[in-house]
Amino acid sequence: MIEVLVITISNPLLIGIYENKKLIKEYKLDGKTSDLLPSLFENLLLEFDIKKIIYVNSPGSFMAIKVAYIFLKTICITKNIEFNAIDGFYFNKNSPIKALGKKYFIKEENKIKVDFLEKDCIIHDFELPMGIEKYNFNEETLPIYNLPAV
């Protein structure tokens with residue numbers, strides 16, 4: 001079974017192709033989500049029989065999350081592909097994720113807060129896992145923005 005994991009909340013965008021839960025191909029793309037996803041998925045849909053698409057729906061760039069959700073949800077509906085979501089902290093060793101200005105999303109005890117970084121805080125890059133068998137993907141795929149209204 002072919003599954004695609006899409007991480008659009010940082011640059012470069014990371015897209016992993018998984019066969020039987022193991023990574024077989026990865027893409028690292030610099031640029032805007034809205035420019036990159038259509039051309040990449042045009043090729044992926046021709047090359048692979050995709051059964052599931054998983055995307056990171058929280059937290060990070062609001063625009064990237066919105067674009068990814070609308071684009072990927074549309075593909076999943078039109079091609080009858082299963083669609084799941086997961087939060088981005090699973091793919092950067094649970095380190096802070098850039099929010100607005102000098103603030104970051106920080107996950108502590110399964111709650112996400114927005115705050116300034118502590119001096120000794122380490123930020124890890126996002127990485128595609130070699131396997132996805134240990135992850136519990138969420139069937140609720142709506143974007144989660146994690147910021148209060150201003």
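The structure presented is a predicted model; accordingly, all values stated were derived computationally and were not measured.

Rules behind the numbers
Residues numbered from 1 in each chain as written. Predicted model: local features only at pLDDT ≥ 70, side-chain atom pairs only at ≥ 80, totals over all residues. Heavy atoms only, no water. Pairing = 2+ DSSP bridges. Helix = DSSP H or I, 4+ residues; strand = E, 2+ residues; numbered from the N terminus. Axes fitted to C-alpha atoms, helices over the stretch in contact; angles between N-to-C directions. Contact = heavy atoms within 4.5 Å. Phe/Tyr/Trp six-rings, centres within 6.5 Å; stacked < 30°, edge-to-face > 60°. Buried < 20%, exposed > 50% of the residue type's maximum accessible area, 1.4 Å probe, protein only.

**Some words on the sheet that holds strand E5 (residues 82–87)**
The sheet built from five strands is open, its strands ordered E3-E2-E1-E4-E5 with mixed pairing. Each of the sheet's edge strands pairs with one partner strand only, and the pair in question is strand E3 (22–29) and E5. Looking at each pair of strands side by side, their axes are set apart by 20 degrees on average, direction ignored. Set on the sheet, helix H1 (residues 33–47) makes contact with strand E1 (2–7), strand E2 (13–19), E3 and strand E4 (50–58); between it and E3 the angle comes to about 145 degrees.

**Examining the pairing of strand E7 (residues 103–108)**
Pairing of strand E6 (residues 97–98) with E7, which is carried by two bridges, proceeds in the antiparallel orientation. Across the sheet, the residue bridging to Ile97 is Phe105, located in E7. Where E6 folds back on E7, the antiparallel hairpin that results is connected by four residues, among which Gly101 adopts a positive phi of roughly 55 degrees. Taken together, the six bridges between E7 and strand E8 (residues 111–116) define a ladder with antiparallel strand orientation. Pairing of Lys103 across the sheet is with Phe116, part of E8.

**Comments concerning the packing of aromatic side chains**
What the rule picks out here adds up to eight aromatic pairs. A ring pair is formed by Tyr55 and Tyr69, whose centres lie 6.2 Å apart and whose planes are at 40 degrees; its orientation type is tilted. One end of the pair, Tyr55, is in strand E4; the other, Tyr69, is in helix H2 (residues 62–79), and 14 residues separate them in sequence. The class of Tyr55 is buried, set by a relative accessible area of 0%. Of the residues examined, Tyr69 reaches a relative accessible area of 16% and is grouped as buried. Of the aromatic side chains, those joined through ring pairs into one cluster are Tyr90, Phe91, Tyr135 and Phe137.

**Details of the environment of Ile132**
For Ile132, the position within the fold is in the segment after E8. Separated by 75 residues in the primary sequence, Ile132 and Asn57 have C-alpha atoms spaced 17 Å apart. Leave out the neighbours within four places in its chain, and Ile132 touches Glu3, Tyr18, Lys21, Ile54 and Phe137.

**Quick look at unusual backbone geometry**
The linkage connecting Asn11 with the following residue, Pro12, adopts the cis geometry, with an omega of 5 degrees. Among the secondary structure elements, Pro12 is positioned in the loop between E1 and E2. For Asn20, which is not glycine, the phi dihedral falls at a positive 50 degrees. Its location among the elements puts Asn20 in the loop between E2 and E3.

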